[in-house]
Amino acid sequence: KASEVDIIFLVLLLASPELIADMIRWTSESGKTTREESGDIISETFDEVEVKSGGGNKKFKQKDVVSISYSNQHPQMTEGQKHEDQSNYSKAVDAYRKALGDAKLKSVFKQHIMFRIAWCIQASKKYDEAIAEYDKLLKEIPNTKYLYEAYLNKSKCALGKTDTKLALDILEQGKTHIKSVGMEDKFIYELDL
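So, how was this worked out
Residues numbered from 1 in each chain as written. Predicted model: local features only at pLDDT ≥ 70, side-chain atom pairs only at ≥ 80, totals over all residues. Heavy atoms only, no water. Phe/Tyr/Trp six-rings, centres within 6.5 Å; stacked < 30°, edge-to-face > 60°. Helix = DSSP H or I, 4+ residues; strand = E, 2+ residues; numbered from the N terminus. Buried < 20%, exposed > 50% of the residue type's maximum accessible area, 1.4 Å probe, protein only. Contact = heavy atoms within 4.5 Å. Pairing = 2+ DSSP bridges. Axes fitted to C-alpha atoms, helices over the stretch in contact; angles between N-to-C directions. Parallel < 35°, antiparallel > 145°, perpendicular 65-115°, else oblique. Nonpolar A, V, L, I, M, F, W, Y, C, P; charged D, E, K, R; others polar. Core = buried A, V, L, I, M, F, W, Y, C linked by side-chain atoms within 4.5 Å. Salt bridge = Lys/Arg side-chain N within 4 Å of Asp/Glu carboxyl O.

Caption draft 1: Quick peek at the packing of aromatic side chains. According to the stated counting rule, one finds six aromatic pairs in the structure shown. Ring geometry for tyrosine 70 versus phenylalanine 109: centroids 4.9 Å apart, planes at 70°, classification edge-to-face. Placement of tyrosine 70 in the loop between strand E5 (65–69) and helix H3 (75–85) and of phenylalanine 109 in the loop between helix H4 (89–100) and helix H5 (110–123) is noted, with a sequence separation of 39 residues between them. When its relative accessible area of 1% is taken as the criterion, phenylalanine 109 is described as buried. Here the aromatic rings of tyrosine 89 and tryptophan 119 are separated by 5.7 Å at their centres, their planes lie at 70°, and the arrangement is edge-to-face. Taken together, the residues span a long stretch of sequence, with tyrosine 89 in helix H4 and tryptophan 119 in helix H5 at a distance of 30 residues. Residue tryptophan 119 is classed as partly exposed on the basis of its relative accessible area of 28%. Site record: aromatic cluster; members linked through ring pairs are Phe115, Tyr134 and Tyr146.

Rendered as structure tokens:
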């Protein structure tokens, strides 16, 4: 039989923010040292990650982020990733769509799921459908963490359809979008390559 002290300890242990917090590993010294910050990741853009912690909200530049671990990833995201790892893209898309349809989904996960759906459809060689999914992501979350990757993958879909003109047009649209939001020039140069 558990004592009152055991129960209180268990409640405090389970309520500990360290156990249920998201974790971001980052560096600002060109990789010389890595630091960690725990809290609730409330937003991710192409430029930065915002974390709400006991000390208030903190923002970290994407270029300094080494890794992010989420404490409460939606179970359908985990299921989708499992199917994706097994190259079962249809089941992965179904699981990801279920996660998107859940009203309890943490908002920061939406762009990750939308990107994974588009990528799985692209991997299934359904290029027009994949382009539409990337467009949906770019329209709904214009400052998405996946801004560069979405345009690059859209152009690869166009090449998959053997439409070189469309691929080049998509890359030009990407360069314009990237420039308009102030992303680093290196992304423009990469699209040029």
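Additional details are given in the paragraphs that follow.
Caption draft 2: Region of interest: the environment of aspartate 40. If you trace the backbone, aspartate 40 turns up in strand E2 (residues 35–44). Considered as a pair, aspartate 40 and isoleucine 20 are 20 residues apart in the sequence and their alpha carbons are 8.9 Å apart. The contact partners of aspartate 40, leaving out residues within four places of it in the chain, are Asp22, Glu50, Val51, Lys52 and Lys106.

Caption draft 3: Structural detail: the pairing of E2. In this structure, strand E1 (residues 22–26) lies alongside E2, joined through five bridges in antiparallel fashion. Its bridge partner lying in E2, aspartate 22 is registered against glycine 39. By the bridge criterion, four bridges tie E2 to strand E3 (residues 48–53) in an arrangement that is antiparallel. The residue of E3 that forms the bridge with glutamate 44 is valine 49. Connecting E2 to the antiparallel partner E3 that follows it, the hairpin turn spans three residues.

Caption draft 4: Just the packing of H3 against H4, in detail. Packing of H3 against H4 brings their axes to within 8 Å, and their N-to-C directions diverge by 170°. Classified by the angle between their axes, H3 and H4 sit roughly antiparallel to one another. Within the contact between the two elements, H3 uses Gln76, Met77, Glu79, Gly80, Gln81, His83 and Glu84 and H4 uses Tyr89, Lys91, Ala92, Ala95, Tyr96, Lys98 and Ala99. Across the contact of H3 with H4, the residue classes break down as six nonpolar, four polar and four charged.

Caption draft 5: Here's a closer look at the nonpolar core. Ile24, Ile113, Tyr134, Leu147, Ile178 and Met183 are the most contacted members of the largest nonpolar core, which has 46 residues in total. Counting residues per element, the ones that place at least two in this core are E1, E3, H4, H5, helix H6 (127–140), helix H7 (147–160), helix H8 (164–181) and helix H9 (185–192). With seven residues, the single largest contributor to this core is H5. Dropping the residues within four chain positions of it, leucine 147 is found in contact with Phe46, Leu138, Pro142, His177, Ile178, Val181 and Met183.

Caption draft 6: Broad picture of the pattern of salt bridges. For the structure on display, the rule yields 16 salt bridges. Measuring nitrogen to oxygen at the nearest pair gives 3.7 Å for the salt bridge that ties lysine 82 to glutamate 79. With lysine 82 and glutamate 79 both in helix H3 and three residues apart, the pair spans about one turn of that helix. We classify glutamate 79 as partly exposed; its relative accessible area is 29%. In this structure, lysine 110 engages glutamate 140 in a salt bridge whose closest nitrogen and oxygen atoms are separated by 2.8 Å. One end of the pair, lysine 110, is in helix H5; the other, glutamate 140, is in helix H6, with 30 residues separating them in the sequence.

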